[in-house]
Amino acid sequence: MIGIYFSGTGNSRYALETFLQMYDVEAKALSIEEEGMTEKIKEHEEIVFSYPVQYSTVPKILRDFVIKNSTLWGGKKVFIIATMGMFSGDGAGVLGRLLQKYGAEVIGGLHLKMPDSICDEKVLKRPLEKNIESVKNAENKIEKAVESMKNGNPPMEGIGWIYRMAGFFGQRFYFGHKTKNYTDKLKINTQKCIGCGKCTKICPMNNIACVDGKMVSGDKCTMCYRCVNHCPAQAITLLGKEVVEQTLIEKYLNEDACR
Ligand SMILES: Cc1cc2nc3c(=O)[nH]c(=O)nc-3n(C[C@H](O)[C@H](O)[C@H](O)COP(=O)(O)O)c2cc1C
Ligand code: SF4
Ligand code: SF4
């Protein structure tokens, strides 16, 4: 077994690592951003995916990864973990259907409510205690899912047409187009920016560069919110106008770590 994830603020990585620790300690969780993934995927028949839903669908970077490696999925048994702030309808199913198209068999799905990575929209922010609680609830849910899987009865959240209708009419019909392409909407406030270069190093799309001494965003943003949540000057925004409160999984694992 192998774990494959994409994660902007750490929720999906943490969910996968927690799952694998309980289900198969030998299995490694690997990011789609790592080198040499193709060979590693070929070696395993069972794969657990973990990813953050964006408008009840798959982030463009992960969709492109699956499509680019389309020949690898034939005959694989896949279990899909979809993390979300609130609701996704068929988060696990939407990636499952894409993998099925390339010959994979979907053996189950798990939906986990976790802290919302969109940190520049006030309406989506929850108090610290609520976020800590949501991570604890996710851990408990993972434990139950692992137990069921070991008993040969994996959860099937997000799989099937009822979930699919919920995902489509609940969100994709209105917002699905937002992840069709990469975006050029990321904004960097050059007045606030202190030029630390962190955003350029951590962006999975190499979408941010320093041009003539100023940080500039390109048109290849996959909306993962990693840079927005990491910038020490809170100078980056995407959907909102101002960073309300930065969100990273570590903050909710050790209460005292990031206050
Ligand atoms: C652009 C964008 C769109 C999102 N859309 C949804 C959504 O449709 N439903 C939802 O419940 N959460 C949504 N979220 C929240 C994330 O799915 C959630 O916070 C996820 O756990 C982040 O995981 P990560 O830390 O692995 O990136 C969205 C986040 C972003 C950045
Ligand atoms: S992380 Fe923030 S402060 Fe650092 S270079 Fe990027 S925009 Fe500027
Ligand atoms: S620019 Fe920021 S939000 Fe966009 S892909 Fe890069 S790290 Fe993610």
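Residues numbered from 1 in each chain as written. Chains lettered and ligands numbered in written order. Predicted model: local features only at pLDDT ≥ 70, side-chain atom pairs only at ≥ 80, totals over all residues.

## Quick notes on the sheet that holds strand β2 (residues 29–31)
Step number 1: Spatially, β2-β1-β3-β4-β5 is the arrangement adopted by the five strands of the open sheet, whose pairing is parallel. Each having just a single partner strand, β2 and β5 (105–113) make up the two edges of the open sheet. Direction aside, neighbouring strands of the sheet carry axes that sit 20 degrees apart on average.
Step number 2: One ladder, built from seven bridges, connects strand β3 (residues 46–52) with strand β4 (residues 77–84); its direction is parallel. (Pairing = 2+ DSSP bridges. Helix = DSSP H or I, 4+ residues; strand = E, 2+ residues; numbered from the N terminus. Axes fitted to C-alpha atoms, helices over the stretch in contact; angles between N-to-C directions.)

## Observations concerning the site of ligand 3
Step number 1: The environment of ligand 3 is formed by 16 residues, the closest being Cys203, Cys221, Cys224, Arg226 and Cys227.
Step number 2: By residue number, the principal contributor to the shell around ligand 3 is helix α8 (residues 226–230), which donates three residues.
Step number 3: Partitioning the shell around ligand 3 into residue classes produces 12 nonpolar, three polar and one charged. (Near = placed C-beta within 6 Å. Nonpolar A, V, L, I, M, F, W, Y, C, P; charged D, E, K, R; others polar.)

## Examining the site of ligand 2
Step number 1: With respect to spatial proximity, 14 residues lie near ligand 2, and among them Cys193, Cys196, Lys198, Cys199 and Cys231 are the closest.
Step number 2: Here the residues of the shell around ligand 2 sort into 11 nonpolar, two polar and one charged.

## Things to note about unusual backbone geometry
Step number 1: One non-glycine residue with positive phi stands out, namely Ser56, at about 60 degrees.
Step number 2: Residue position: Ser56 is located in the loop between β3 and α3 (60–68).
Step number 3: Among the residues examined, Ser56 registers 29 C-beta atoms within 10 Å and is labelled buried. (Buried ≥ 20, exposed ≤ 12 C-beta atoms within 10 Å, placed from the backbone.)

## Digging into the domain arrangement of the chain
Step number 1: Partitioning the chain into structural domains gives domain 1 (2–179) and domain 2 (187–253).
Step number 2: Of note, the centres of domain 1 and domain 2, computed from C-alpha atoms alone, are 24 Å apart.
Step number 3: The partner domain 2 presents 25 residues to the 22 residues of domain 1 that form the contact.
Step number 4: Put simply, the parts of the chain that give the side of domain 1 that touches domain 2 at least two residues each are α1 (11–23), α3 and α5 (128–150).
Step number 5: With three residues, the top contributor of residues to the side of domain 1 that touches domain 2 is α5.
Step number 6: For the side of domain 1 that touches domain 2, a count of residues per class yields eight nonpolar, seven polar and seven charged. (Domains from an automatic or database assignment. Contact = placed C-beta atoms within 7 Å.)

## A few points about the nonpolar core
Step number 1: Judged by nonpolar contacts, the single largest core of 45 residues is most densely connected at Phe49, Ile80 and Ile81.
Step number 2: Among the elements of the structure, β1 (2–5), α1, β3, α3, β4, α4 (91–101), β5 and α5 are those that each provide at least two residues to this core.
Step number 3: The element contributing the most residues to this core is β4, with six residues.
Step number 4: Both domain 1 (2–179) and domain 2 (187–253) contribute no fewer than three residues apiece to this core.
Step number 5: Apart from the residues lying within four places of it in its own chain, the contact partners of Ile81 are Ala15, Leu16, Phe19, Val48, Phe49, Ser50, Leu110 and Leu112. (Core = buried A, V, L, I, M, F, W, Y, C linked by C-beta atoms within 7 Å.)

## Side note on the pairing of β3
Step number 1: Of all the seven residues making up β3, six are buried; the element is thus mostly covered by neighbouring parts of the structure.
Step number 2: Relative to β3, β1 runs parallel, the two sharing four bridges. Note that in β3 the partner of Tyr5 across the bridge is Ser50.
Step number 3: After leaving β3, the chain enters α3 and then returns to the sheet as β4, a path that is right-handed. (Right-handed = clockwise from strand over helix to strand, strands pointing away.)

## Things to note about the pairing of β5
Step number 1: Direction of pairing for β4 relative to β5: parallel, over a ladder of eight bridges. Bridge pairing in β5 places Val78 opposite Val106.
Step number 2: Viewed along the sheet, the connection from β4 through α4 into β5 turns out right-handed.

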